[in-house]
There are 2 protein chains.
Amino acid sequence: MNEKALQEVLEGVIRGVVQQLGNQSVTSATTDVNTEDSIPVELSARHAHLSEADAIALFGAPLTPVRELSQPGQFLCKERVRLIGPKGVIDNVAVLGPSRGSSQVEVSKTDARILGADAPVRQSGDINGSAGIILASQNGIVGLEEGLIVASRHIHMSTEDAKRFGVADNDLVCVRLEGDRPLILEDVLVRVNENFKLAMHIDADEGNSAGWSKAVSGKLVGKKCGAAHGLCKN
Amino acid sequence: MNEKALQEVLEGVIRGVVQQLGNQSVTSATTDVNTEDSIPVELSARHAHLSEADAIALFGAPLTPVRELSQPGQFLCKERVRLIGPKGVIDNVAVLGPSRGSSQVEVSKTDARILGADAPVRQSGDINGSAGIILASQNGIVGLEEGLIVASRHIHMSTEDAKRFGVADNDLVCVRLEGDRPLILEDVLVRVNENFKLAMHIDADEGNSAGWSKAVSGKLVGKKCGAAHGLCKN
């Protein structure tokens, strides 16, 4: 085989490889994450979790369950609260049970602006130094020095789901929402617990931006988001 | 060169190519689009464009400019309107000039829900069959049978910018917003006109979802978004 023939063979091989990899270039970034299965997407409307003491201060009694929620053990309560901020009021806010160690109110950035409160984007439970808010009912009033947050977008999944998707607790993933206004949300927190039911939770602003409806599902498109190009990589 | 030596050379070459392309796999999807330069991102608050007849019905006179906007020839007016929908009212809504052939009101999905109107996501000017809304001022009232829309996210750019970014009028592109809550918006409409100044316009819901501030800019990450994996491809 002479030099020229070898050159031709090499070029042919390279062209083939380039073509093949070119076709796969978009998917090759996410090979060790399961990008095929859908994730149900639920819109979290504004809501409050109350400590038992705050529930009693507001309603004179512990919380009353009326409906189970998608995550096992969580329920919607009969009770509703009014949120009072320095600039505005939001009425008829859902209370979710069971009661927690500390009260926590989850709103969207839009809600926070209406209230006039600078609520930080936080993972549920991480309320240290977050915004204050006043809760009121027909029976009582409670001032929270902290506890008002915008909940970070997150996915609840069981240990089995995590294995299936190739992710672990506290991973940040990118998820494409296939609504009328498609988008890819980065920095979506993965929460794994054997009791969790697979569901992604977004807030009302995120839902509106995506054209969310109950039919919209999410697709994992990668484990980490590259700052350089904004696409999701492992 | 014997068979085995040739085999080794080929394998070496293939490994090299695979490695090189592997490193580039994320960027290779977007090679003919300029993904480097930043795009200023402006948040479009709710606003109304009025026909001259509607301006006169509401204010008894043509619109009064008070401040130029980023797009040449566009201005904020002294006048403000109240939006009245079947379920709610939004006060103090900005009016932008100059007046247009038909009145058009641009709101977010959040606003539309407050008003109780089913405003479709549309490109500015495409109001055929969109939602109705009532406009009111202290002097008058105007009922629009159509004209209430949620404006599609879009980028204004000059002919030169379009050349620089490798895009054309009416292209749909994907843009990464590098805010506190990073995300990639798909289906961003490119509008090219020699008079346009480079600016991406998003609504308040999109801004909130991205953690938008005036410091946030956008990066083009591709020309078309693949339904299969949600990543941007050419």
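Reading the values: the criteria
Residues numbered from 1 in each chain as written. Chains lettered and ligands numbered in written order. Predicted model: local features only at pLDDT ≥ 70, side-chain atom pairs only at ≥ 80, totals over all residues. Heavy atoms only, no water. Helix = DSSP H or I, 4+ residues; strand = E, 2+ residues; numbered from the N terminus. Contact = heavy atoms within 4.5 Å. Areas by Shrake-Rupley, 256 points an atom, 1.4 Å probe, with all protein chains shown as cover. Buried < 20%, exposed > 50% of the residue type's maximum accessible area, 1.4 Å probe, protein only. Pairing = 2+ DSSP bridges. Core = buried A, V, L, I, M, F, W, Y, C linked by side-chain atoms within 4.5 Å. Salt bridge = Lys/Arg side-chain N within 4 Å of Asp/Glu carboxyl O. Domains from an automatic or database assignment. Buried area = accessible area lost by both parts, 1.4 Å probe. Polar contact = N/O pair within 3.5 Å; in protein donor to acceptor, adjacent residues only side chain to side chain. Nonpolar A, V, L, I, M, F, W, Y, C, P; charged D, E, K, R; others polar.

Draft legend 1. Spotlight on the overall build of chain A. Counting its regular elements, chain A contains five helices and 16 strands. Residue pairs at least 24 apart in sequence account for 66% of intrachain contacts in chain A once pairs closer than 6 positions are excluded. Accessible surface, chain A: about 11,000 Å² in total, of which carbon and sulfur atoms supply 49%.

Draft legend 2. Examining the pairing of strand 10 (residues 154-157) of chain A more closely. Residues and elements named next belong to chain A. Residues His154 and His156 of strand 10 are buried on one face, and the alternating residues Ile155 and Met157, pointing to the opposite face, are buried as well. One ladder, built from four bridges, connects strand 10 with strand 12 (residues 183-192); its direction is parallel. Across the sheet, the residue bridging to methionine 157 is valine 192, located in strand 12.

Draft legend 3. Local environment of the nonpolar core. Among the nonpolar cores identified, the biggest contains 43 residues, and A:Ile155, A:Leu177, A:Met200, B:Ile155, B:Leu177 and B:Met200 are the most heavily contacted of them. Here the element with the most residues in this core is strand 12 (residues 183-192) of chain B; it accounts for five residues. Apart from the residues within four sequence positions on either side, A:Ile155 is in contact with A:Ile39, A:Val173, A:Val175, A:Val188, A:Leu189, A:Val190, A:Arg191, A:Leu198, A:Ala199, A:Met200 and A:Leu220.

Draft legend 4. Structural view of the pattern of salt bridges. All names here are of chain A. Across all of its chains, the model carries 22 salt bridges over all chains by this definition. Aspartate 169 is the partner of arginine 191 in a salt bridge, and the nearest nitrogen-oxygen pair spans 3.2 Å. One end of the pair, arginine 191, is in strand 12; the other, aspartate 169, is in the loop between helix 4 (159-165) and strand 11 (172-177), and 22 residues separate them in sequence. Note on arginine 191: relative accessible area 25%, which makes it partly exposed.

Draft legend 5. Examining the domain arrangement of chain A more closely. Residue and element names in this part refer to chain A. Split into domains, chain A comes out as domain 1 (3-41 + 154-230) and domain 2 (45-151). Taken together, the contacts link eleven residues of domain 1 with eight residues of domain 2. Buried area between domain 1 and domain 2, both sides added, is near 780 Å², and the carbon and sulfur share of it is 45%. Among the residues of domain 1 in contact with domain 2, Lys197, Asp203 and Asp205 are the three that bury the most area, contributing 46% of the side total. Where domain 1 touches domain 2, the interface holds zero salt bridges. Across the contact surface, domain 1 and domain 2 share three residue pairs in polar contact (both at pLDDT 80 or more). For the side of domain 1 that touches domain 2, the secondary-structure elements that each account for two or more residues are strand 12 and strand 13 (199-203). The leading source of residues in the side of domain 1 that touches domain 2 is strand 13, at three residues. Classifying every residue of the side of domain 1 that touches domain 2 by side-chain character gives three nonpolar, four polar and four charged.

Draft legend 6. Up close: unusual backbone geometry. Geometrically, the link from A:Gly97 to A:Pro98 is a cis peptide bond, its omega value of 5° lying close to zero. Along the chain, A:Pro98 turns up in strand 5 (residues 89-100). The phi dihedral of B:Asn92 falls on the positive side, at around 65°, and the residue is not glycine. With respect to the helices and strands, B:Asn92 occurs in strand 5 (residues 89-100). We note that B:Asp187 has phi near 55°; this positive angle belongs to a residue other than glycine. Tracing the backbone through its elements, the reader meets B:Asp187 in strand 12.

Draft legend 7. Looking closely at the environment of B:Thr64. Residue and element names in this part refer to chain B. Looking at the secondary structure, you find threonine 64 in the loop between helix 2 (52-59) and strand 3 (65-68). In this structure, the C-alpha to C-alpha distance between threonine 64 and serine 137, residues 73 residues apart in sequence, is 15 Å. Threonine 64 has contacts with Leu76, Cys77, Lys78 and Glu79, leaving out every residue within four places of it along the chain.

Draft legend 8. Here's a closer look at the environment of A:Phe59. Residue and element names in this part refer to chain A. Residue placement: phenylalanine 59 occurs in helix 2 (residues 52-59). A C-alpha to C-alpha distance of 8.0 Å links phenylalanine 59 and glutamine 138, two positions 79 residues apart in sequence. Apart from residues no more than four positions distant in its own chain, phenylalanine 59 is found in contact with Leu50, Glu79, Arg80, Val81, Ser137 and Asn139.

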